[in-house]
Amino acid sequence: MGHAHVYAHEIMHRGRVPMEPADFVPDWADRPRKAKFHPDAETLPLPATPAPTTPQRPVPGFTLPLLSGMLRDSYGLTGRRLAVQANTDLAALPHYTHANWSRGTASGGGLYPVAVHWAAGPGGPLTPGLYHYAPHQHGLRRLLTGDVTGDVREALGPGAGTAGRAAHYLVLGVKYWQNAFKYNSFSFHAVSMDVGALVQTWRLWAAQYGLRIDPVLWFDEERLARLLGVAPEEEGVFAVVPLTWEGGPTPGEGRATGAAARHRDVERSRRVLEFETLRRVHRATEGRAADRPEPGALDAAAAHPPRGAQPLPLPPPPAPPAATTRALRERRSSFGRFDASRPITAEQLAAALADCAATRYGTEAERPGGPSLTSLYAFVNHVEGIAPGAYAYDPAAHTLRPVKAGPPGPFLQRTYFLSNYNLEQAGAVLVPTVRTTAVLDRVGDRGYRLVGATVGAVAQTFYTTAAAFGLGAGVALGFDNIAYIEELGLTGTDEAPLLIMLLGRERPRPADFRHEIA
């Protein structure tokens, strides 16, 4: 049994047995920057992309405006968040130096530790090289000039399939300190979800143009860390996303160079702490191309058939009234603004359940069209036509199977550790579960990153669907995981509830800051 199994156990029980260091207090005065900083690198501004208002025709590949639009709507700063709400950071937000800027992608604690790099090959709009996306400037920082796509292909290894023949790649790294300064040992769990949320944003956005986003998870991680110019123990490389480029040359021509980024990130914090648990789980889950599993390796770790009593049919999910781009721009966390006096409709709940159930991380270990790794449960508080209680969702039949009758509000609030939400006021609380230990048994410790990213992708779909329907939403990790296992009757199974997703209507006419006219 690898260390990822140990870490998974500690994560599931942290509500009852605190993870070390249990007495940790963040040093907010010495916090890191919210993005990487390369002081001497040239920054190239990205072009504007018109927001699609109607269904788009399929395009043959990415262009620079399309890549710009996808980066802007996923990780770029799209507006300022300053509203009266119940989160603990509200007092600091009116101060500009502590401003909270909204992005299309969700992130644990709003920390956004994922670093996006573009390995641009020949035939594209820019000089071939390695670029870092700077979200605060919405530009590309040139870290190295020269075609390094051969180095990426070499790191992917010979079994990468079509991904090993691309001419352009997005490489996703995680600078641990950007999250660990606040969440210490728990941070690895959170950042794994952040990567999945970002990839799912790209998948939703690219689908408007008929483009695919298929992340690769198994590769020579240390080789890519050298290319990015980062210390492997300080920054993990979590995914590589090949891009199909419009009118590009025959892919796969460049050879490996052994190059490394010329410009390096400069840390702001005077003191960077190390956490032994984080170090060990990083080492345990490091990627190697030789460990790549066969497609379908995860079939045996698929979600169990839905449980529960006589199924309750759900109405067909309606088409979302807002396009993906608009939904991403309007996505936010509700933080205590739910209003139980206005229940959500069964159709809205059905849309959220169906979209979340259809979400896949889509790595090379998952067979196209294969079974899902996630199960979905719903605690219903205030939904028109559905009695309060706990239900299991059956995606094939599009039904809810009762698990436990009665209002779940007291349980939900009793097992939630934070003060930023009243869970009883939400219309419903959705709970995705993954058979974490089964995944690790099938594909090894690297599978922990896949588990986190899978649930993160579901959370991003949930947020986007909620925004498209004009509903409030929130995702939280601060709850008693074991209590949810007991409440849903999952004791003795290997299903792990890893986060909770709150859906409901918000109180009307909230006090908000109109950043667009400020």
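Here the structure is shown first, and the text comes after it.
Since the model is a prediction, treat every value here as computed from it, not as a measurement.

For the protein chain, the count of helices and strands is 13 helices and 16 strands. Taking 2.2 N^0.38 as the reference for a compact globule, 518 residues should give roughly 24 Å; the C-alpha atoms of the protein chain span a radius of gyration of 22 Å, in line with that estimate. Dimensions of the protein chain, computed from C-alpha atoms along their principal axes, come out at roughly 65 × 55 × 50 Å. Here the protein chain, with 518 residues, has 57% of them falling under the buried criterion. Excluding contacts between residues fewer than 6 apart, the proportion of contacts in the protein chain whose partners are at least 24 apart in sequence is 80%. Entry remark: accessible area of the protein chain is about 20600 Å², with carbon and sulfur atoms responsible for 53%. With 52 positive and 49 negative side-chain charges, the protein chain shows a separation of 4 Å between the mean positions of the two kinds.

What follows is about the pairing of strand β11 (residues 389-394). Within β11, six of the six residues are buried, leaving the element largely enclosed by the surrounding structure. Because side chains alternate across β11, one face comprises the buried residues G389, Y391 and Y393, and the other comprises A390, A392 and D394, equally buried. Relative to β11, strand β10 (residues 374-380) runs antiparallel, the two sharing four bridges. When the sheet's bridge partners are listed, F379 is paired in β11 with A390.

What follows covers the environment of Y183. By secondary structure assignment, the location of Y183 is in helix α4 (residues 177-183). Assessed through its relative accessible area of 24%, Y183 is described here as partly exposed. For the pair Y183 and G108, spaced 75 residues apart in sequence, the C-alpha to C-alpha distance is 9.7 Å. Residue contacts for Y183: discarding those within four places in its chain leaves G108, G109 and L111. Here K182 takes part through its side chain, which lies 3.2 Å from a polar atom of the side chain of Y183.

Time to look at the side chain of Q460. As for its position among the elements, Q460 is in helix α12 (residues 447-468). Leaving out residues up to four positions away in the same chain, Q460 has contacts with G104, T105, A106, A197, Q200, T201, L328 and R331.

We now examine the nonpolar core. Residues F62, W118, W202, L349 and I500 are the most contacted members of the largest nonpolar core, which totals 134 residues. Here this core gets twelve residues from one element, more than from any other, and that element is α12. Ignoring anything within four residues of it in the chain, the contact list for W118 reads L64, L67, P125, L126, G129, L130, Y131, L140, H168, Y169, L170 and W245. The next biggest cluster of nonpolar side chains, apart from the first, holds 24 residues, and it includes V148, A160, A166 and V240.

About the criteria used
Residues numbered from 1 in each chain as written. Predicted model: local features only at pLDDT ≥ 70, side-chain atom pairs only at ≥ 80, totals over all residues. Heavy atoms only, no water. Helix = DSSP H or I, 4+ residues; strand = E, 2+ residues; numbered from the N terminus. Rg over C-alpha atoms; globule rule 2.2 N^0.38 Å. Buried < 20%, exposed > 50% of the residue type's maximum accessible area, 1.4 Å probe, protein only. Contact = heavy atoms within 4.5 Å. Areas by Shrake-Rupley, 256 points an atom, 1.4 Å probe, with all protein chains shown as cover. Lys, Arg positive; Asp, Glu negative; His and termini not counted. Charge placed at Lys NZ, Arg CZ, Asp CG, Glu CD. Pairing = 2+ DSSP bridges. Polar contact = N/O pair within 3.5 Å; in protein donor to acceptor, adjacent residues only side chain to side chain. Core = buried A, V, L, I, M, F, W, Y, C linked by side-chain atoms within 4.5 Å.

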